[in-house]
Amino acid sequence: MNTTVKKFIRLILGLAVMSFGSAMALVADLGMEPWDVLNDGMAKFLQGHIGITLSNGADLITFGRANITIGLIILLIDVLCGEKVGFGTFINILLCGNIVDLCTGDLIPGFALLPDYRGLAMRVDLVPRLTLCVLSLIPAALGMYIYMSARLGSGPRDGLMCVLTRKLKSWPVGAIRVMLEGCALLLGWALGGVVGVGTIILVCLSGPVMQLIFKLAKFNVRELRHETVPETISALRGAKNPD
């Protein structure tokens, strides 16, 4: 099997595992992930100040549109800081949300890979929900390692982590992760985003768990160099037309 094809398989497998972790945290419903707090707060803040609604009565600035806008802004920062944009960057954006929806039952009604605790009061089934929230950190970090090690491009937020890891050489990658998610959490909360106990768990533990898995896998983010889209296309053409 062609090396580049193997990379794509590794990329998609990693994104699937990472998305499963995100879905675990989502169905536990103990609080949004830090970046989602920022998406929520930005949507509320901008819609509150702009106040424009569409012809069907929907808000102009929604959670999803805020998510896309913030992602594009971070992607621009990544590019300006020298981070390479590859096929993985775009596949990340297009695929992860759909995999999360598949796991939670939102994509195919009646089919779900996880129990759904959304909508329950905080005290109801608290132990299994806390367990699900904490365990979600493992597939989230493991999937991140698998997809990033394919070297086909990181998602915007993971790309920003890579940029800062290379620039802040004395900082461990786990601390940089906590700093980024902490900043997203604080800004989102200041703008009106909803914060729960699960949010605090995720922002405090995601960095250390990720750093542990990276260390066990001997994966050094500072040495990570992704392929650009043209480089991957060239590699695929070379495989089809060997000398």
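Please refer to the structure higher up on the page.
One numbering rule holds for all chains: residues counted from 1, following each sequence as written. In view of the model being predicted, local features appear only for residues whose pLDDT reaches at least 70, and side-chain atom pairs are presented and counted only at 80 or more, with totals across whole chains, interfaces and linings using the full set of residues. With hydrogens and water stripped out, all remaining heavy atoms of the structure feed into the side-chain values.

A. Representation of the overall build of the chain. Put simply, DSSP marks the helices as runs of H or I at least four residues long and the strands as runs of E at least two long, and each gets a number from the N terminus on. Across its full length, the chain carries ten helices and zero strands. A globule of 243 residues ought to have a C-alpha radius of gyration of about 18 Å, and the chain, at 19 Å, matches this closely. Along the first, second and third principal axes, the C-alpha set of the chain runs to 65 × 45 × 45 Å. For the exposure calls, accessible area comes from a 1.4 Å probe over protein chains only, and a residue counts as buried if that area is under 20% of its type's maximum, exposed if over 50%, partly exposed in between. Within the chain, buried positions represent 42% of all 243 residues. The criterion used for residue contact is that any of the two residues' heavy atoms lie within 4.5 Å. In the chain, 77% of the contacts between residues at least 6 apart in sequence involve partners at least 24 apart. Throughout, the Shrake-Rupley method with a 1.4 Å probe supplies accessible areas, and for residues the shown protein chains are the sole cover considered. Carbon and sulfur atoms make up 68% of the accessible area of the chain, which totals about 12,500 Å². Here the chain carries 21 positive and 17 negative side-chain charges, and the mean point of each set is 8 Å from the other. As defined in this context, the radius of gyration uses C-alpha atoms, and a globule is described by 2.2 Å times the residue total to the power 0.38. Charge counting treats Lys and Arg as positive and Asp and Glu as negative, with His and both chain ends excluded. To locate a charge, take NZ of a lysine, CZ of an arginine, CG of an aspartate or CD of a glutamate.

B. Quick look at the layout of surface pockets. By volume, the largest pocket amounts to about 1,300 Å³. Any residue with an atom within 4 Å of a point lines the site, the site being either a cavity, points on a 1 Å grid over the protein atoms alone where a 1.4 Å probe fits but cannot get out, or a pocket, an open set with protein on both sides within 12 Å along at least 5 of 7 lines. Looking at the largest pocket, it is lined by 43 residues, and the ones nearest its centre are S22, E33, D36, C96 and R157. With eight residues, the single largest contributor to the lining of the largest pocket is helix α4 (residues 87–104). Classifying every residue of the lining of the largest pocket by side-chain character gives 22 nonpolar, twelve polar and nine charged. Grid points are joined across faces, edges and corners, and a volume is the space filled by probe spheres set on the points. In this structure, the second largest pocket occupies an estimated 210 Å³ of space. Lining the second largest pocket are W35, L38, M42, I70, I73, I74, I77, L160, L180, C183, A184 and L187. Of all the secondary-structure elements, those providing two or more residues to the lining of the second largest pocket are α2 (34–50), α3 (63–80) and α8 (173–190). Amino acids are sorted into nonpolar (Ala, Val, Leu, Ile, Met, Phe, Trp, Tyr, Cys and Pro), charged (Asp, Glu, Lys and Arg) and polar (every other residue, Gly among them). Its residues placed into classes, the lining of the second largest pocket shows twelve nonpolar, no polar and no charged.

C. Representation of the nonpolar core within the structure. Ranked by internal contacts, the top residues of the largest apolar core, which has 31 residues, are M144, M148, M161 and F214. Ranked by the residues each element gives to this core, the list is headed by helix α6 (residues 137–148), at six residues. Residues contacting M148, with those up to four places away along its chain left out, are S154, D158, M161, C162, F219, L224 and H226. By nonpolar core we mean a set of buried residues, namely Ala, Val, Leu, Ile, Met, Phe, Trp, Tyr and Cys, connected to one another through side-chain atoms within 4.5 Å. The next biggest cluster of nonpolar side chains, apart from the first, holds 16 residues, and it includes V27, A28, V100 and I201.

D. A look at a nonpolar patch on the surface. A grouping of L107, I108, F111 and L113 is seen on the molecular surface, where their side chains present a nonpolar patch of about 350 Å² in accessible area. Among the secondary structure elements, I108 is positioned in the loop between α4 and α5 (126–135). Note on patches: the residues involved have over 30% relative accessible area and no salt bridge, like charges join within 9 Å, and the nonpolar side chains Val, Leu, Ile, Met, Phe, Trp and Tyr join within 5 Å. Salt bridges are counted wherever a side-chain nitrogen of Lys or Arg sits within 4 Å of a carboxyl oxygen of Asp or Glu.

E. Geometry of the environment of L80. The residue L80 is located in helix α3 in this model. Taking the relative accessible area as the measure of exposure, L80 reaches 69% and is therefore exposed. Along the chain, L80 and G41 lie 39 residues apart, while their C-alpha atoms are 26 Å from each other.

F. Representation of the packing of helix α1 (residues 3–28) against α6. Look at α1 against α6: their axes get within 7 Å of each other, and the N-to-C directions meet at 165°. With respect to α6, the axis of α1 lies roughly antiparallel. Relative to α6, α1 is oriented so that their crossing is left-handed. Mapping the contact onto sequence places R10, L11, G14, L15, V17, M18, F20, G21 and M24 in α1 and P139, A140, G143, M144, Y145, I146 and Y147 in α6. Taken together, the residues of the contact of α1 with α6 break down into twelve nonpolar, three polar and one charged. To get an axis, a line is fitted to the C-alpha atoms, and for a helix only the part in contact is used. The angle between two axes follows their N-to-C directions and goes from 0 to 180 degrees. An angle below 35 degrees is treated as roughly parallel, one above 145 as roughly antiparallel, one from 65 to 115 as roughly perpendicular, and anything else as oblique. Helix crossings are classified by the rotation of the near helix relative to the far one: an anticlockwise turn of less than a right angle makes the crossing left-handed, while a clockwise turn makes it right-handed.

G. Just unusual backbone geometry, in detail. Not every positive phi belongs to a glycine, and D125 is a case in point at roughly 50°. Here K218, not a glycine, exhibits a phi torsion of approximately 55°, which is positive. Within the element layout of this structure, K218 appears in the loop between α9 (197–216) and α10 (229–240).

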